[in-house]
Amino acid sequence: MEEQWTTVGLIGHTGYIGPRHIAGWRALGIEEPYLQFCNSKDDWVKFVHRPDIKIIDIATPIWLHTAMIKEAIKAGKDVICEKPLANNLKDAYEIVELSKRTTQKIGIIYQCRFNPKYQKLKNDVQSGKYGDIKMVMCEYFRDKNDEHFANADSNRREFFQS
């Protein structure tokens, strides 16, 4: 009997995190043609509605997550998405309520959760190494250069251009 494969549609495979998603699917044995890609100039709405795709993997900038997740749920797809689920609590609740009215599943990727540095910090905090913590402030500097930030607005526009 021939094996049944699920086709995964990956939106946003060309950026920083996309190649890591591709590697993850391939590590699970999912390769082309069962791994399909939506390029930034493709119409992602049409892509989400393709009948051959069963799972949508969203690896796009955060501001696109809400619309893409909602559209994928409406199209009857299960969704895997980079964190965060949405930009605000209102949108997150809307996504959860929409998914409750369907059989679709949503998985959010917390890619740093098992990073050894974060695990050590978690264990140190839980052990009381830093005392009774009342508040933490954090600044996170990404490995992005000035050109990335200077082109942020044009990158957003380019995603929707055909």
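Just so it is clear, the structure is predicted and the values come from calculations on it, not from any experiment. (Residues numbered from 1 in each chain as written. Predicted model: local features only at pLDDT ≥ 70, side-chain atom pairs only at ≥ 80, totals over all residues. Heavy atoms only, no water.)

Description of the nonpolar core
Part 1: By size, the foremost hydrophobic cluster in this structure holds 20 residues, and its most contacted members are I11, I56, I58, I69 and V79.
Part 2: For this core, the secondary structure elements donating two or more residues are helix 2 (44–48), strand 3 (55–58), helix 3 (65–74), strand 4 (78–82) and helix 4 (89–100).
Part 3: Per-element tally for this core: the top contributor is helix 3, with 4 residues.
Part 4: In this structure, I22, I30, I55 and A59 belong to the second largest nonpolar core, which totals 9 residues. (Core = buried A, V, L, I, M, F, W, Y, C linked by side-chain atoms within 4.5 Å. Buried < 20%, exposed > 50% of the residue type's maximum accessible area, 1.4 Å probe, protein only. Helix = DSSP H or I, 4+ residues; strand = E, 2+ residues; numbered from the N terminus.)

Regarding the pairing of strand 3
Part 1: Here strand 3 shows no split at all, with I55 and D57 on one side and I56 and I58 on the other all buried.
Part 2: Where strand 1 (residues 8–11) lies against strand 3, 4 bridges are found, and the strand directions are parallel. Looking at strand 3, one finds that L10 is bridged to D57.
Part 3: In this structure, strand 3 lies alongside strand 4, joined through 4 bridges in parallel fashion. Bridging across to strand 4, I55 finds its partner in D78.
Part 4: Following the backbone out of strand 3, through helix 3 and into the adjacent parallel strand 4, one traces a crossover that is right-handed. (Pairing = 2+ DSSP bridges. Right-handed = clockwise from strand over helix to strand, strands pointing away.)

Overview of the packing of helix 3 against helix 4
Part 1: Running from amino to carboxyl end, helix 3 crosses helix 4 at an angle of 10 degrees, the nearest separation of the two axes being 10 Å. One way to sum up the angle between helix 3 and helix 4 is to call them roughly parallel. Of the residues in helix 4, those in contact with T66, I69, K70, I73 and K74 of helix 3 are D91, E94, I95, L98 and S99.
Part 2: Looking at side-chain class alone, the contact of helix 3 with helix 4 contains 4 nonpolar, 2 polar and 4 charged residues. (Axes fitted to C-alpha atoms, helices over the stretch in contact; angles between N-to-C directions. Parallel < 35°, antiparallel > 145°, perpendicular 65-115°, else oblique. Contact = heavy atoms within 4.5 Å. Nonpolar A, V, L, I, M, F, W, Y, C, P; charged D, E, K, R; others polar.)

Thoughts on unusual backbone geometry
Part 1: For the bond running from E32 to P33, omega is 10 degrees, close enough to zero to count as cis.
Part 2: Position of P33 among the secondary structure elements: in the loop between helix 1 (18–27) and strand 2 (35–38).
Part 3: Cis geometry is found at the peptide bond from K83 to P84, where omega equals -10 degrees.
Part 4: Mapped onto the elements, P84 comes out in the loop between strand 4 and helix 4.

Structural notes on the side chain of D124
Part 1: Tracing the backbone shows D124 in helix 5 (residues 116–127).
Part 2: Overall, the relative accessible area of 13% leaves D124 in the buried class.
Part 3: Leave out the neighbours within four places in its chain, and D124 touches K129 and Y130.

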